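In case you want the letters, here they are:
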Amino acid sequence: MLTGALCSCGGDNQGQATRPSSPGSETSTPPTTATQQFVDRAKEGTGSIDLVNATDTVIFSGCLRKNKTEDPRTVGAAAFFTNLTQAEYRLVDFAYVMDTSGIRTGESVETDVGFTVLPRSALVALNSGEELLITHRYDTQPNDRGVSSITIPQGGLAIAPNQRLSIGSVSAIFPLDGSGAKVIDDSRLADGSLFQVCYSATLKRSDWVTGGRIVSYRSPYRDRSYVADPARTTAPFTSFRNTSDKPVRVYGIGSFISNLSSTEPSTHSVEVLINNQTVTTIQLPAHVPGQNSGSLPLAHPVDLTIAPGATLTVKGKVTPNRAIVFDFAAFIFADEGLTSIDENLDMLPVDFNADGYTDIVDLDSSGSFWVSLRVGQGLQNTQQEWARAVGKVDRLIALQPSQSGSVTLQATNNAGLCLNMKSVPSMARFILEYCQNAGSPSLESDIWGDFNGDGFSDRLRVDAPAKAYLVALGSATGLGPDSIWAGGYGAVEKMFVSDANGDGASDVLAEWTNASGLQCKIFYGARDRFRVEDCPR
Ligand SMILES: [Ca+2]
Ligand SMILES: [Ca+2]
Ligand SMILES: [Ca+2]
């Protein structure tokens, strides 16, 4: 997401906001009466609330005036409903309108809007599981999308005593020429109307609500930014099991899709699986550079039942033309009773960047290690994928820091795997080496994956002068000798590992540009050589 946590902007945005100024020479779409009425009502709203008296119903509304966040290219704001009563409250509906009139010709704006539930003293989402729903939109010209709203199913989402509901939004400007996010001139922020989000939420004391509370389950478990490529069309995900003794109903699925390249097209859908069988596919609007993103409901309604012991998997499918950084999350609205499975969370308390804050290391079901560096007390950044396809790990320990201060983790499993993973925080990755071959130099350009699918990580090294792709297979005795797995190919610009065809053996996507444009091949892993195919178009 734009800032990792939804909004590290803090601050308190009251309902009183000035009228958006006229955008001068820009074209603008006049808001419809319904939109304008919503905005006018929100401006009369309360803004942030510290609720002391346990009244039965609270309308929490106002407008978020965005200012620069810790990253000056991102502007944001948040408002808080803080429950200081002894009663549980439920969020039963939410609606918002964003002011897009400030978008200038040649600009696009990427925006996150959503809500989180936090401990009372927290300003931002510090840990995963606190974001209840985040949506993303891409606007390239002033437009009126009307009021985006959602009625939360059943008895709503709970805000317990001493918790706060935070409604937040962040935006960043990406020039359409592809030059990347730019710092917004302070003069454009002065009157508070730039990309202002006006919101309204209804909160009811729980004894005034019929129906049990529901839960928002997030897949993947944490905010994970990753590289989507034509071989890797499944976003990171987390599966859940119904560990209760009652059926769990699933009511809706919200999708956060954010193409961080902004200027590359991508198409998207969501696959919902029960017990690993696809039960429904949700089509999502494509990212078309230069066009406002299509209509995306805050949550797609579904009606599914997960029996006790059954599993639920929600996978984002992202298809780009080339490798791009992407962020996907599904927010699954369902009854209580689901527990995340296949996630190995918080594996070790390690401080990779020596800033005194312990960082977070997770291993997901695909064998990827995810790291988020904490950037302050409790505050975590978006997770990055520091190693892919490492395989099953039964134990992870931290070796003594080296003289250079870098931390090396040692991953072992019961089949005899032993890998040293040297952390390189500046590159957001681990450099791998078999324990048995310690001291044989691993190169930064080495690509690791389980290319023969036997559960042991293997090393791919490109010998560019010889035009040979050399693979050394790993085993319980360490790394074996190099052998040629593909010939005729030299150095490329980008290589990424994933299991493109789902056969359990890692595959390699290679991308480069030559006189005839972008070239893309997939090197499919097999027993002792790569099968090479063009990327799908
Ligand atoms: Ca740290
Ligand atoms: Ca292997
Ligand atoms: Ca494969």
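Residues numbered from 1 in each chain as written. Chains lettered and ligands numbered in written order. Predicted model: local features only at pLDDT ≥ 70, side-chain atom pairs only at ≥ 80, totals over all residues. Heavy atoms only, no water.

Looking up the protein chain in an unreviewed UniProt entry gives the name VCBS repeat-containing protein, with the organism given as Novosphingobium olei.

**A word on the coordination of the calcium ion (ligand 1)**
Quick reminder of the rule: Water is absent from the atoms considered, so a metal site may look incomplete; donors are defined as N, O and S atoms within 2.8 Å of the metal, or 3.2 Å for Na, K and Ca. Tetrahedral means four donors with every angle between 85 and 135 degrees, whereas square planar (four donors) and octahedral (six donors) require angles over 155 degrees between opposite donors and between 65 and 115 for all others; sites fitting neither are termed irregular. Whether a residue is buried, partly exposed or exposed follows from its accessible area with a 1.4 Å probe, protein chains only, as a fraction of its type maximum: under 20%, in between, or over 50%, in that order.
Protein coordination at the calcium ion (ligand 1) comes from Asp351 (OD), Asn353 (OD1), Asp355 (OD), Tyr357 (O), Asp359 (OD) and Asp359 (OD), with a distance range of 2.3 to 2.7 Å. Metal-centred angles of 50 to 165 degrees between the six donor atoms at the calcium ion (ligand 1) mark the site as irregular. Counting the intervening residues between successive donors of the calcium ion (ligand 1) yields the motif D-x1-N-x1-D-x1-Y-x1-D. Look at asparagine 353 and you get partly exposed, because its relative accessible area is 30%.

**Quick word on the coordination of the calcium ion (ligand 2)**
Coordination of the calcium ion (ligand 2) by the protein comes from Asp450 (OD), Asn452 (OD1), Asp454 (OD), Phe456 (O), Asp458 (OD) and Asp458 (OD), over a distance range of 2.3 to 2.5 Å. The sequence motif formed by the donor residues of the calcium ion (ligand 2) is D-x1-N-x1-D-x1-F-x1-D. Take aspartate 454: its relative accessible area is 39%, and that puts it in the partly exposed class.

**Here's the deal with the side chain of threonine 82**
Selection criterion: A helix here means a DSSP run of H or I that spans at least four residues, while a strand means a run of E at least two residues long, and both kinds are numbered starting from the N terminus. Two residues form a contact once any of their heavy atoms are found within 4.5 Å.
Relative to the helices and strands, threonine 82 resides in strand β4 (residues 74–83). Judged by its relative accessible area of 2%, threonine 82 is buried. Sequence-distant contacts of threonine 82, that is, excluding residues within four places in its chain, are made with Ile49, Asp50, Leu51, Arg120, Gln163 and Arg164.

**A look at the pattern of salt bridges**
Threshold: Salt bridge, as used here: a side-chain nitrogen of Lys or Arg that lies within 4 Å of a carboxyl oxygen of Asp or Glu.
One pass over the full model with this rule turns up 26 salt bridges. Its salt-bridge partner being glutamate 107, residue lysine 182 comes within 3.2 Å of it at the nearest N-O pair. One end of the pair, lysine 182, is in the loop between β10 (163–175) and α2 (186–189); the other, glutamate 107, is in strand β6 (residues 107–119), and 75 residues separate them in sequence. Through salt bridges that share partners, Arg222, Arg224, Glu343, Asp346 and Asp362 make up one connected network.

**A word on the state of the cysteines**
Two cysteines, two sulfur atoms, one covalent bond between them: this is a disulfide. Our working rule: The disulfide criterion used throughout: a pair of cysteine sulfur atoms within 2.5 Å.
On inspection of all chains with the given rule, the structure shows three disulfides. One disulfide in the model links cysteine 63 with cysteine 198; its S-S distance is 2.2 Å. Looking along the S-S bond of the cysteine 63-cysteine 198 disulfide, the torsion reads about 105 degrees, which is the right-handed sense. Taken together, the positions of cysteine 63 in strand β2 (residues 57–64) and cysteine 198 in strand β11 (residues 197–205) put the pair 135 residues apart, joining distant regions of the chain. Just as cysteine 63 is buried, cysteine 198 falls in that class too.

**Topic: the domain arrangement of the protein chain**
Worth spelling out the cut-off: Residue ranges for the domains trace back to a domain assignment, done automatically or taken from a database. Put simply, buried area is how much 1.4 Å-probe accessible surface two parts lose in total, over both of them, once they are put together. N or O atoms within 3.5 Å of each other form a polar contact, as long as, within protein, one can give a hydrogen and the other can take it, and as long as residues adjacent in sequence are counted only when both atoms are side-chain atoms.
Assigned domains of the protein chain: these are domain 1 (33–208), domain 2 (215–341) and domain 3 (344–444). Relative placement of domain 1 and domain 2: their C-alpha centres are 22 Å apart. If you look at the interface, domain 1 gives 31 residues, while domain 2 gives 29 residues. Carbon and sulfur atoms supply 58% of the area that domain 1 and domain 2 bury against each other, a total of about 2300 Å² over both sides. Taken together, domain 1 and domain 2 are joined by one salt bridge. Between arginine 218 and glutamate 131 there is a salt bridge; the shortest N-O distance is 2.2 Å. Where domain 1 touches domain 2, the interface holds ten residue pairs in polar contact (both at pLDDT 80 or more).

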